[in-house]
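Breakdown of the fold
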Amino acid sequence: MTIGDAPTFHGPPVSLSWEYNPNATEERELEQYEDYRKSVPRREKKAMRLPPVIRQHLLTENMGYSRGQIKGATDEAKRCAKQRQKTVERLR
């Protein structure tokens, strides 16, 4: 996980990082994965959302980002979200 760049009004954006722990990674054949996926109910979008306070906690405690870095990313995401909102309003 890393600081992301998605425009949002609600806390710091997060993205998946290219870094991973190979020792904590499971390899599966495609057919095995597809069979597993069919047997497990899909989560709703609501269940996949991370609240802003959880995103901030993960970025500081697990990923080592400073509060300043998170604030900067949050401010930039809000600025981009406001710009996107203005653009949408002008297109109406």
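Our subject is the structure listed above.
Anyway, here's the lowdown on the structure attached to this text.

The rules we used
Residues numbered from 1 in each chain as written. Predicted model: local features only at pLDDT ≥ 70, side-chain atom pairs only at ≥ 80, totals over all residues. Heavy atoms only, no water. Helix = DSSP H or I, 4+ residues; strand = E, 2+ residues; numbered from the N terminus. Rg over C-alpha atoms; globule rule 2.2 N^0.38 Å. Buried < 20%, exposed > 50% of the residue type's maximum accessible area, 1.4 Å probe, protein only. Contact = heavy atoms within 4.5 Å. Areas by Shrake-Rupley, 256 points an atom, 1.4 Å probe, with all protein chains shown as cover. Lys, Arg positive; Asp, Glu negative; His and termini not counted. Charge placed at Lys NZ, Arg CZ, Asp CG, Glu CD. Phe/Tyr/Trp six-rings, centres within 6.5 Å; stacked < 30°, edge-to-face > 60°. Lys NZ or Arg CZ within 6 Å of the ring centre and 35° of its normal. Salt bridge = Lys/Arg side-chain N within 4 Å of Asp/Glu carboxyl O.

Another aspect to go through is the overall build of the protein. Looking only at helices and strands, the protein has 4 helices and 2 strands in total. The helix and strand sequence of the protein, counted from the amino end, reads β-β-α-α-α-α. The globule rule puts the C-alpha radius of gyration for 92 residues at 12 Å, and the 17 Å found for the protein is more than 25% above it. In terms of overall dimensions, the protein has a C-alpha envelope of 50 × 40 × 20 Å along the principal axes. Counting over 92 residues, the protein shows a buried share of 15%. Residue pairs at least 24 apart in sequence account for 60% of intrachain contacts in the protein once pairs closer than 6 positions are excluded. Of the roughly 8,200 Å² of accessible surface on the protein, 51% is carried by carbon and sulfur atoms. For the protein, the distance from the average position of its 18 positive side-chain charges to the average position of its 13 negative side-chain charges is 13 Å.

Turning our eyes to something else, we now look at the packing of aromatic side chains. Enumeration over the complete set of coordinates arrives at 0 aromatic pairs. Between arginine 28 and the ring centre of tyrosine 36, over which it is positioned, the NZ or CZ distance is 4.8 Å.

Moving on: the side chain of threonine 8. The topology assignment puts threonine 8 in the loop between strand S1 (2-3) and strand S2 (14-15). The exposure class assigned to threonine 8 is buried, which follows from its relative accessible area of 18%. When residues no more than four places from it in sequence are discounted, the contact partners of threonine 8 are Pro13, Ala77, Lys78 and Ala81.

As a further point, take the environment of tryptophan 18. Examined against the element boundaries, tryptophan 18 turns out to sit in the loop between S2 and helix H1 (30-39). Sequence separation between tryptophan 18 and lysine 38 is 20 residues; the distance between their C-alpha atoms is 27 Å.

In this section: the pattern of salt bridges. Within this structure, the stated rule accounts for 4 salt bridges. Between glutamate 34 and arginine 37 there is a salt bridge, with its nearest N and O atoms 3.7 Å apart. Taken together, the positions of glutamate 34 and arginine 37, both in helix H1 and 3 residues apart, correspond to about one turn of that helix. When the shortest N-O distance is used, the salt bridge between glutamate 76 and arginine 79 registers 2.7 Å. In this pair, glutamate 76 and arginine 79 both sit in helix H4 (residues 67-91), 3 residues apart, roughly one turn of the helix. Judged by relative accessible area, glutamate 76 falls into the partly exposed class, the value being 37%. Of the residues examined, arginine 79 reaches a relative accessible area of 48% and is grouped as partly exposed.

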